[in-house]
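A structural walkthrough
Chain by chain, the residues:
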Amino acid sequence: MMIYPKLIIEALNTVRYPGSGKSIVEMGMVGDDIRIAGNRVSLSLHFDKPTDPFIKSVVRAAEAAITSRVGNDVEIAGNIAVVTRELPTEVARPVLPGVKNIIGVSSGKGGVGKSTIATNLAVSLAAQGYSVGLLDADIFGPSVPKMFGIEDEQLYIRHDDEGHNLIIPIERYGVKVLSIGFVVDKEKAVLWRGAMASNALKQLITEGDWGELDYFIIDMPPGTSDIHLTLVQTLAITGAVVVTTPQQVALADARKGVAMFMGQQVNVPVLGIVENMSWFTPASHPDEHYYIFGHDGGKELAEALNVPLLGQVPLVASICRSGDDGVPVVLQNSISGEAFHALARAVVNAVDNRNATLPPTRRVNTH
C-alpha cells in the first residue's frame, strides 16, 4: 500500500484525546510536519504542557491507529515527536500592593478574646489617623461583623480599569472590613473542606478593594491550621501578635503559636504577646484587681520567649457588652478603652522597630 499524508491524517482522526470527545486532529494537536520516506513515517504531536498526563497514552494510540490503517510494515514506533506548545504566561497581579504593614492577630486556642483584640486594635489605629483594613480570616467562626455591628450588610462588586472584579469592603469606624460572615448564613455552621475554605480566604485577600493602607490586620483562626499556611503562602506578613490569657492551658497553646511563626519554614517575626483578661475589675471599684485566670502568665511567657509584652487588657463587662452591641469599647473613654489605645501604640512601635531592624518578610513557599 502506498503511504500518503491524507491516509495518516485519517488514521489520527480516530484517536480521541481523553475526556474531550474530540480527535487529536480536531484539537489541532497534529503538527504540519508529516514526513514519509518509504515505509517510515514521522510526525509531531503538540500538547499544551509537558506535564500532560495523557502524553504517553495518546502517542501509543496514534502509533496503533497508523499501524492499523496502513499496515504492520509501517515504521512509526518511536517516530512521533512530542512538542509542548508555547502558551502566553499570565502575569500574576501583585497581592495588596498598596499595603505597608500586614499584622496577623493569632492565638493558640479559642476563647481568649483574639477577635476582640483584633477589632479594638484596628479601630484604635484608625482613630489615631492610620488607614486600616481588617480581614476576618476565622473562616469557621467569623465574629468581626457582629463586633462592628455590620452583620446584615451586603457586599458589592466594582470593576477596575483592567476589567477585574473587586469586592468592596464594608467601612465602619474608619476601618475597611471583609469577612466570610458577609456571604454565609449567620445562623448555620460553615461546613467547608480545607481547600474550599482556603480558596474563599484567598479571594477575600486578592479580590478585595483594599486600596492604600498603613495597617492590614488579620484576625486569624485559633490554633495552627491550613488556614494559617494559606495566609503565609499568600501574604508576606510583617509580624504576628499572639493573644493569650494568664492561665496555664492558654499559655501552653500560645507557646505553640509563637513557635509556629518563629519556625524556620514560616519565619514571621513575632511582634509580641497580648495578655487578655489579665484581671477582673468591678465597674464600681475600678482600682481593684482580681486575678481570676492567674497572675502575669502572659508577661512571664513573653520574658521566657524573649518577645515584647505588648499589653495587659483587663476583664471588664463593658468589653463583652460593647462587642455584642457592635460598638468596640476602644471608642469609649474608659479604662478598657485606654488599655486598647495603649496596645495600639505598642503595636505601632513594635512594627517600626521590626521594620528598622529586620528585612521584609517573604511569602512561604511549600512543596
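Provided above is the structure to which this section pertains.
Residues numbered from 1 in each chain as written. Predicted model: local features only at pLDDT ≥ 70, side-chain atom pairs only at ≥ 80, totals over all residues. Heavy atoms only, no water.

**Overview of the sheet that holds strand β5 (residues 132-136)**
- Taking strand neighbours across the sheet as the criterion, the eight strands line up as β8-β9-β5-β10-β4-β11-β12-β13 in an open arrangement whose pairing is mixed. Edge strands, defined here as strands with exactly one partner in the open sheet, are β8 (170-172) and β13 (309-315). Adjacent strand axes in the sheet meet at a mean angle of 25°, parallel and antiparallel pairs treated alike.
- Taken together, the six bridges between strand β4 (residues 99-107) and strand β10 (residues 213-219) define a ladder with parallel strand orientation. The partner of I102 across the bridge, within β10, is F216.
- Each of β4, β11 (239-244) and β12 (270-280) is contacted by helix α7 (residues 248-262), which is oriented at about 170° to β11, the strand it contacts most. (Pairing = 2+ DSSP bridges. Helix = DSSP H or I, 4+ residues; strand = E, 2+ residues; numbered from the N terminus. Axes fitted to C-alpha atoms, helices over the stretch in contact; angles between N-to-C directions. Contact = heavy atoms within 4.5 Å.)

**Side note on the pairing of β13**
- Of the strand pairs in this sheet, β12 and β13 are connected by five bridges, and their pairing is parallel. Each residue of the ladder has a partner; that of N276, found in β13, is V313.
- With respect to chirality, the unit in which β12 leads through helix α8 (residues 297-305) into the neighbouring parallel β13 is right-handed. (Right-handed = clockwise from strand over helix to strand, strands pointing away.)

**A short note on the environment of V266**
- Mapped onto the secondary structure, V266 falls in the loop between α7 and β12.
- Assessed through its relative accessible area of 13%, V266 is described here as buried.
- Between the C-alpha atom of V266 and that of T361, which follows or precedes it by 95 residues, the distance is 9.5 Å. (Buried < 20%, exposed > 50% of the residue type's maximum accessible area, 1.4 Å probe, protein only.)

**Re the pattern of salt bridges**
- Taken as a whole and judged by the stated rule, the model has nine salt bridges.
- A salt bridge links R158 to D209; the shortest N-O distance between them is 2.6 Å. Within this pair, whereas R158 is found in strand β6 (residues 156-159), its partner D209 is found in the loop between α5 (194-206) and β10, the two being separated by 51 residues in sequence.
- Taking the relative accessible area as the measure of exposure, R158 reaches 34% and is therefore partly exposed.
- Among the charged side chains, a salt-bridge network with shared partners connects K114, D138 and D219. (Salt bridge = Lys/Arg side-chain N within 4 Å of Asp/Glu carboxyl O.)

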